[in-house]
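Breakdown of the fold
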Amino acid sequence: MIDQAKIKIISGNGGNGCISGRKEKYVPKGGPDGGDGGNGGSIIFKSDENINTLRYFQYSKNFIAESGTEGKPGLKHGSDGKDLEITVPVGTIISSITSNSDKKKHLAEFTSHDQTYVICKGGKGGRGNTRFVNSINQFPLLAESGEKGSNLKVFLELRLLADVGIIGSPNAGKSSLLTFLSNASPKIADYPFTTLEPVLGVVEHLSKSFVMVDIPGLIEGAHKGIGLGHDFLKHIKRTRILLHMVDISGPDPLQDIDNIKEEISLFDENINDKPSLVAINKIDIEGTQDSVKKIEIELNQRGIETVAISAISGIGINDLRDKVTEMLEVESKSKTPRQTLTERLNASKKGQKKQTEEIKVIKPEPVDRRNKKDGVLVSDGEYIITSSTAIRIAAMVNPDSWEARTQFYSHLRKMGLISQLEQKGIGPGSTVKLGDLEWEWDA
Ligand SMILES: Nc1nc2c(ncn2[C@@H]2O[C@H](COP(=O)(O)OP(=O)(O)OP(=O)(O)O)[C@@H](O)[C@H]2O)c(=O)[nH]1
Ligand SMILES: [Mg+2]
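Below is a summary of the structure that appears in this document. (Residues numbered from 1 in each chain as written. Chains lettered and ligands numbered in written order. Predicted model: local features only at pLDDT ≥ 70, side-chain atom pairs only at ≥ 80, totals over all residues.)

What about the site of ligand 1?
Where we set the bar: Whether a residue is near a molecule or strand depends on its C-beta atom, placed from the backbone, lying within 6 Å of it. Only DSSP runs of H or I covering at least 4 residues are called helices, and only runs of E covering at least 2 are called strands; the numbering of each starts at the N terminus. Three residue categories are used. Nonpolar comprises Ala, Val, Leu, Ile, Met, Phe, Trp, Tyr, Cys and Pro, charged comprises Asp, Glu, Lys and Arg, and polar comprises the others, including Gly.
Surveying the vicinity of ligand 1 reveals 24 residues, the closest of which are Gly173, Ser175, Ser176, Thr195 and Gly217. Of all the elements, helix α2 (residues 174–181) adds the most residues to the shell around ligand 1, at 3 residues. Partitioning the shell around ligand 1 into residue classes produces 10 nonpolar, 10 polar and 4 charged.

Structure representation (structure tokens):
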């Protein structure tokens, strides 16, 4: 019933900002001209009703979005990394897993077709040196490194509604069958639309169990919302096999079957591709034997499997349980990874319409973005600058250039970090750490 997978997703890094330009005075087109880095691609999950399993993720475990490229001289912006879109079936729930424990945190749930969630946002591109120009510093030797993408382990879980969906016209005996077979007790009555909501029941058979759902009766026009309509047709999609019930005592059972099939394919033609079985019900009623035979022959000729039952007296029910169990086994063995990722990407591109409008972005944010507001921390007598912006600028400072170092120091002062260090009691000889840099305080 439940399909699961663990995968790793990594969004793209932002590209570094560029330090460039001509420094000489009176040179035409002189001045700083380093462009910004491109943003890293995000990991986006999208639901697709044409996919039914998470099998694909048993073979593919790592998903990495493209990184942005660096900014270039001449104010050229680096190119953004492409987002990586991962398609999952409707009914998928995504949680993050922390590596040191198996604790899960719910991130997103896909309840309908075409929903999109950005689960790992790409890192932002770093600013080029042009962005650091101010009245004092006309030629900055400072830029920002690209923000790192995020790296997340996620747990995907597909919750199918049920293994078997019981469908058919109102009054066919669907609820009677579920009651006979399982612990469920849906309302049963001799009038149409007795069942108003799908009812689930667990069926135990041959030391196995499966879940059946009794779906409210379908009538002509259901695909347009007539009767109880649409809502229930969509539940049918989330079942593995269909048990189509027909009342043999009705005026035209064959026509009844065709009508329901037609309604279903008008709603979604893929549903009729699910493995299915027709249960000819109410065979206990006197005088139905001939029509049972006739309908069996006709359906078998069409390659449709049948089983004749009475949901009230229990005739044929064992046979039905055997057939359903066998079909479920065959169905689960036949599942194969349906499409390669590229095929899926192409398929989802075709269906791309309003996509980006509704994209929801899910936390967690990359660590360095979370630290943005932080400043200075004192630990074991060492002064650690935790500001992510400062760390990203530090990563681009040329340590051999006295001028770059001086500019960087002024920038730290402008950011208020020097006064924070002073307030925290820094003195000559103290160790300061900033990203990969470490130096002795001599101010
Ligand atoms: N004689 C006979 N009557 C049956 C059988 N199965 C169901 N019925 C009767 O048919 C009527 C409808 O049965 P339900 O189980 O409520 O039918 P349903 O398909 O769930 O109907 P809706 O919920 O309205 O879609 C009830 O009066 C049942 O007692 C059967 O095998 N034989
Ligand atoms: Mg019912």
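Structural notes on the environment of Ser145
Put simply, the test is: It is the C-beta atoms, placed from the backbone, that decide contacts: two residues are in contact if theirs lie within 7 Å.
Note that Ser145 resides in the loop between β9 (116–120) and β10 (151–159). For Ser145, the contacting residues outside a window of four places in its chain are Asn16, Gly126, Arg392, Ala395 and Met396.

A closer look at the environment of Glu331
Within the secondary structure layout, Glu331 lies in helix α6 (residues 317–334). It is 7.6 Å that separates the C-alpha atoms of Glu331 and Pro275, two residues lying 56 residues apart in sequence. Residues in contact with Glu331, not counting those within four places in the same chain, are Arg240, Ile241 and Pro275.

Here we look at helix α5 (residues 289–301)
Convention followed: Under the convention used throughout, the expected extent of a helix is 1.5 Å for every residue step, that is, one less than its residue count.
An ideal rise of 1.5 Å per residue puts 18 Å on 13 residues; α5 measures up with 18 Å between its terminal C-alpha atoms. Just downstream of α5, Gly303 is the residue with a positive phi angle, here 85°.

A few points about the sheet that holds strand β21 (residues 437–440)
In any sheet, the strands associate via hydrogen bonds between backbone groups, in a parallel or an antiparallel arrangement. Keep this limit in mind: Two strands qualify as a pair provided that DSSP identifies no fewer than 2 bridges between them. Here an axis means a line fitted to C-alpha atoms, over the contact stretch when the element is a helix, while the angle between two N-to-C directions is reported on a 0 to 180 degree scale.
Here 4 strands make up an open sheet; going across it, the order is β18-β19-β20-β21 and the pairing mixed. Of all the strands in the sheet, the pair left with one neighbour each is β18 (376–379) and β21. On average, adjacent strands in this sheet sit at an angle of 25° to one another, irrespective of strand direction. In the sheet, β18 pairs with strand β19 (residues 382–385) via 4 bridges, with the strands oriented antiparallel.

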